[in-house]
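Spelled out from the first residue to the last, the chains are:
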Amino acid sequence: MLARDLVNHPANVMTPTKMAEAAREVAESVGLELDVMDRDRMREHGMGAFLGVAQGSEEPPKLIVLTYRGDPDNPQNNLGLVGKGITFDTGGISLKPAANMEAMKGDMAGGASVIAAMRAIGSLQPRINVTGLIAATENMPGGRAQRPGDVVTAMNGKTIEVINTDAEGRLVLADALCYARSLGITRLVDVATLTGAMVVTLGKACTGMMGNSHKLAKDVGVAGERSGERFWELPMLEDYRELIRSDVADMKNTGGRQAGSITAAMLLREFAEDADWVHLDIAGTSTASGNKGHVVKGATEYQPGRWPNWR
């Protein structure tokens, strides 16, 4: 319900700063550590992919880090949950059509899922160390917005040619994954409303799953069966890597219409590096079907004067 309420808030309310405040309330309520990284600290870490997306917005970006230490004597017993937190996605310079753009307030559903999961983890206190990372920003077409053809450099030094500014989620996740690796996290699961192609592929029946570890994917699948979440694994063949090959950078941020969900995952794989990693594309499953597809069923819809309503 917490995740649903966060997603259903309008974007003028649920800004990156407000997402960080929601994370702070969660941290205080269940005893988690919280670190909120601002634009200056991101620049110090070389997060050029994340900052490239954020530079078109007046709203300051936030990399929100929630930490639970359930097995402090065994740091290798760890898991990282990484969520896409685009609090509103216009598409940037590659502007989306006006029809149904209001639904893009829900492009932070992955980040909301991670905040809510960390609250559950803090309450249940499992014997594992879990870090939740939420890459929160808007994607806006301001005068400082990145342009198609720009090249950005991620935290690990890899360069990305921006072909389409509406393929922004993979850019913010790239730096979030890099930062997770810098913290020594060896198992990663990212959650993102990443591609419209996933809705075409699987509709709203199940979430697309990709990754570099069949064992971790199997574990996620078993967890999904137990909790009522359905996942379907798509192939990560090396052939798909050719679709994001760039002439001017290490890769480009979109491979076109072919296998759009898979090529997005192929880019993310470059930043998970040698960690066991699974990517969950929840573009179809994050919202309800029907005309009000941007409202998640079962949640309390926003009412003026009631924010915040996740308590």
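Everything numeric here is computed off the predicted structure, so don't read it as measured data.

### Focus: the overall build of the protein
Phase 1 of the analysis: Each helix and strand counted, the protein has nine helices and 11 strands in total.
Phase 2 of the analysis: Expected size for 311 residues packed as a compact globule is a radius of gyration near 19 Å; at 18 Å, the protein falls within 12% of this value.
Phase 3 of the analysis: Based on the C-alpha atoms only, the size of the protein along its principal axes is roughly 50 × 45 × 40 Å.
Phase 4 of the analysis: Taking all 311 residues of the protein together, the buried fraction comes to 57%.
Phase 5 of the analysis: Nonlocal contacts in the protein, meaning residues at least 24 apart in sequence, comprise 77% of its contacts between residues at least 6 apart.
Phase 6 of the analysis: Accessible surface for the protein amounts to roughly 13500 Å². Of this, 49% is attributable to carbon and sulfur atoms.
Phase 7 of the analysis: When the 33 positive and 38 negative side-chain charges of the protein are each reduced to one mean point, those points stand 4 Å apart.

### Side note on the packing of helix α6 (residues 169–182) against helix α9 (residues 260–272)
Phase 1 of the analysis: Between α6 and α9, the shortest axis-to-axis distance is 8 Å and the interhelical angle comes to 25°. Between α6 and α9, the interaxial angle falls into the category roughly parallel. At the point where α6 passes α9, the crossing takes the right-handed sense. Between α6, through R170, L173, A174, L177, C178 and R181, and α9, the contact on the second element is made entirely by A264, L267, L268, F271 and A272.

### Structural notes on the environment of G221
Phase 1 of the analysis: Mapped onto the elements, G221 comes out in helix α8 (residues 214–227).
Phase 2 of the analysis: Along the backbone, G221 and M209 are 12 residues apart, and their C-alpha atoms lie at a distance of 8.9 Å.

### Observations regarding the pairing of strand β2 (residues 62–69)
Phase 1 of the analysis: With seven of eight residues buried, β2 lies mostly within the body of the structure.
Phase 2 of the analysis: Where strand β1 (residues 33–37) and β2 come together, five bridges link them in antiparallel fashion. Pairing of E33 across the sheet is with T67, part of β2.
Phase 3 of the analysis: Here β2 pairs with strand β4 (residues 129–139) via eight bridges, running antiparallel. By the bridge assignment for β4, T67 is matched with T131.

### A closer look at the sheet that holds strand β10 (residues 251–252)
Phase 1 of the analysis: Within the open sheet, the three strands sit side by side as β5-β6-β10. Their pairing is mixed. The sheet terminates laterally at β5 (151–153) and β10, the two strands that pair on one side only.
Phase 2 of the analysis: Bridging between strand β6 (residues 159–161) and β10 involves two bridges; their strand directions are parallel. In the strand pairing of β10, I160 is matched with M251.

Calculation criteria
Residues numbered from 1 in each chain as written. Predicted model: local features only at pLDDT ≥ 70, side-chain atom pairs only at ≥ 80, totals over all residues. Heavy atoms only, no water. Helix = DSSP H or I, 4+ residues; strand = E, 2+ residues; numbered from the N terminus. Rg over C-alpha atoms; globule rule 2.2 N^0.38 Å. Buried < 20%, exposed > 50% of the residue type's maximum accessible area, 1.4 Å probe, protein only. Contact = heavy atoms within 4.5 Å. Areas by Shrake-Rupley, 256 points an atom, 1.4 Å probe, with all protein chains shown as cover. Lys, Arg positive; Asp, Glu negative; His and termini not counted. Charge placed at Lys NZ, Arg CZ, Asp CG, Glu CD. Axes fitted to C-alpha atoms, helices over the stretch in contact; angles between N-to-C directions. Parallel < 35°, antiparallel > 145°, perpendicular 65-115°, else oblique. Left-handed = near helix turned anticlockwise from the far one by under 90°. Pairing = 2+ DSSP bridges.

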